[in-house]
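# Inside the fold
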Amino acid sequence: MLDLERLRALHSVATYGSVSAAADVLHVTTSAVSQQLAKLERETGQKLLERNGRGVRLTDAAELLVAHAERILSLVEQAQADLEAHRGSVVGQLAVAAFPTAIRGLMPAALRALRADHPELRVLLREEDPMRSMPLVSRGDYDMAVVQDWNNEPLPMPEGLHKGVICDDVADVALPATHPLAGRGTIHLKELAGDPWISSSSDSICCDWLIRTLRAVDSEPNIDHMAYEFATQLSLVAAGLGNAILPRLGRCDVPPGVAIVPLSAPLSRRVYAVWREEAARRPAIRATLTALRAAVPGGVPDGVPDGRRREAARVT
């Protein structure tokens, strides 16, 4: 009989590329992982790892076993989810990744509600950009990720993940108060062609999106300053250093010297949660999604059509 924890150790080495990385993920020592693998080699009568420079590589026998281990571990996760669903209890541990705006605008209220309503659930929260967090959910580092995409640029959904809509988040333009168009009721992006812009950091999904969005209206991006947090971007706008596009969920206190102007051709991003298919029946997943929706300021934002409201009311 193959030991499940030893299979998990081998699968982690295959997934993360080294014994030390697997040990970090499994929260054990490198020696403990090596011992598990040595015992697995004795159980199978096969050599599973070979030296490869300073690291190791999997043998053909190990590759074969890893393929089976992946299916076995998936079935175990599904069995655990089914048992939790059968009990109907929101229990256990849930590792959640979220992008910074969601952590500030949604997670405090959601976590407070979960702690009050489901004291046997432990949520572990980490900040991650959506481009990074979704693959990490797929491979099991996180149980859930709160991610975003834009109405003009949907985020590809990896196979094997389910999603549930949390809200739609409309974006406005933040202009220096001295900008000639700062007093307008609405504005079109094309009218800001040639202006300097302030963006999130270059490795973020928001920066890529801003560049493509501006180019779509024949405006070559002129990005002089980059800052990850929207509060910092607003400070730079207030200093007259450029414009920024600001989602309403991410809006903090607007400093003096900044004018917020709606776009005549609205841009919005969809905020949703994703999780692995195997965990879809976990009551903890559904409870967390419900808490996140309830944490949206004012409930479901205005402007969401009825059909989209129905979609947001069910897990997809």
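Each remark here, short or long, concerns the structure printed above.
Everything numeric here is computed off the predicted structure, so don't read it as measured data. (Residues numbered from 1 in each chain as written. Predicted model: local features only at pLDDT ≥ 70, side-chain atom pairs only at ≥ 80, totals over all residues. Heavy atoms only, no water.)

## Some points on the overall build of the chain
Scanning the chain from N- to C-terminus turns up 11 helices and 10 strands. C-alpha extents for the chain along the principal axes are approximately 75 × 50 × 30 Å. Looking at the chain as a whole, 45% of its 316 residues qualify as buried. If you take every contact in the chain between residues at least 6 apart in sequence, the share linking residues at least 24 apart comes to 73%. Of the roughly 15700 Å² of accessible surface on the chain, 51% is carried by carbon and sulfur atoms. The centroid of the 35 positive side-chain charges in the chain is displaced by 3 Å from the centroid of its 39 negative side-chain charges. (Helix = DSSP H or I, 4+ residues; strand = E, 2+ residues; numbered from the N terminus. Buried < 20%, exposed > 50% of the residue type's maximum accessible area, 1.4 Å probe, protein only. Contact = heavy atoms within 4.5 Å. Areas by Shrake-Rupley, 256 points an atom, 1.4 Å probe, with all protein chains shown as cover. Lys, Arg positive; Asp, Glu negative; His and termini not counted. Charge placed at Lys NZ, Arg CZ, Asp CG, Glu CD.)

## Regarding the environment of Leu94
Examined against the element boundaries, Leu94 turns out to sit in strand E3 (residues 92-98). A sequence separation of 102 residues divides Leu94 from Pro196, and the C-alpha atoms of the two residues are 42 Å apart. If sequence neighbours within four positions are ignored, Leu94 has contacts with Leu121, Arg122, Val123, Leu124, Asp143, Arg282, Ala284, Ile285 and Thr288.

## Concerning the nonpolar core
Ranked by internal contacts, the top residues of the largest apolar core, which has 29 residues, are Leu106, Val146, Ile166, Val271 and Leu292. Looking at this core, the elements that each hand over two or more residues are E3, helix H5 (100-105), helix H6 (107-117), strand E5 (144-150), strand E6 (161-176), strand E10 (258-276) and helix H10 (283-295). If you tally residues by element for this core, the top one is H10, at seven residues. Once residues within four sequence positions are removed from consideration, Leu106 is found in contact with Thr101, Ile166, Leu249, Val271, Leu292, Ala295 and Val296. (Core = buried A, V, L, I, M, F, W, Y, C linked by side-chain atoms within 4.5 Å.)

## Some details on the packing of helix H2 (residues 19-26) against helix H3 (residues 30-44)
Orientation of H2 relative to H3, taken along the N-to-C sense of each, is 105°, at an axis distance of 8 Å. What the angle tells us is that H2 and H3 run roughly perpendicular. In contact with Val19, Ser20, Ala22, Ala23 and Leu26 of H2, H3 contributes Thr30, Val33, Ser34 and Leu37. Residue classes in the contact of H2 with H3 are distributed as six nonpolar, three polar and no charged. (Axes fitted to C-alpha atoms, helices over the stretch in contact; angles between N-to-C directions. Parallel < 35°, antiparallel > 145°, perpendicular 65-115°, else oblique. Nonpolar A, V, L, I, M, F, W, Y, C, P; charged D, E, K, R; others polar.)

## Concerning the packing of aromatic side chains
Counted by the stated rule, this structure contains one aromatic pair. Seen from their ring centres, Trp150 and Trp209 are 3.7 Å apart, and the 15° between their planes marks the pair as stacked. Residue Trp150 is located in strand E5, and its partner Trp209 is located in helix H8 (residues 205-216); the two are separated by 59 residues in the primary sequence. Owing to a relative accessible area of 3%, Trp209 belongs among the buried residues under this scheme. (Phe/Tyr/Trp six-rings, centres within 6.5 Å; stacked < 30°, edge-to-face > 60°.)

## With respect to the packing of helix H1 (residues 4-16) against H2
For the pair H1 and H2, the least separation of the axes is 8 Å and the interaxial angle reads 120°. Of the two elements, H1 crosses H2, and the hand of that crossing is right-handed. Contacts between H1 and H2 pair Arg8, Ala9, Ser12, Val13 and Tyr16 from the former with Val19, Ala21, Ala22, Val25 and Leu26 from the latter. Along the lines of polarity and charge, the residues of the contact of H1 with H2 split into eight nonpolar, one polar and one charged. (Left-handed = near helix turned anticlockwise from the far one by under 90°.)

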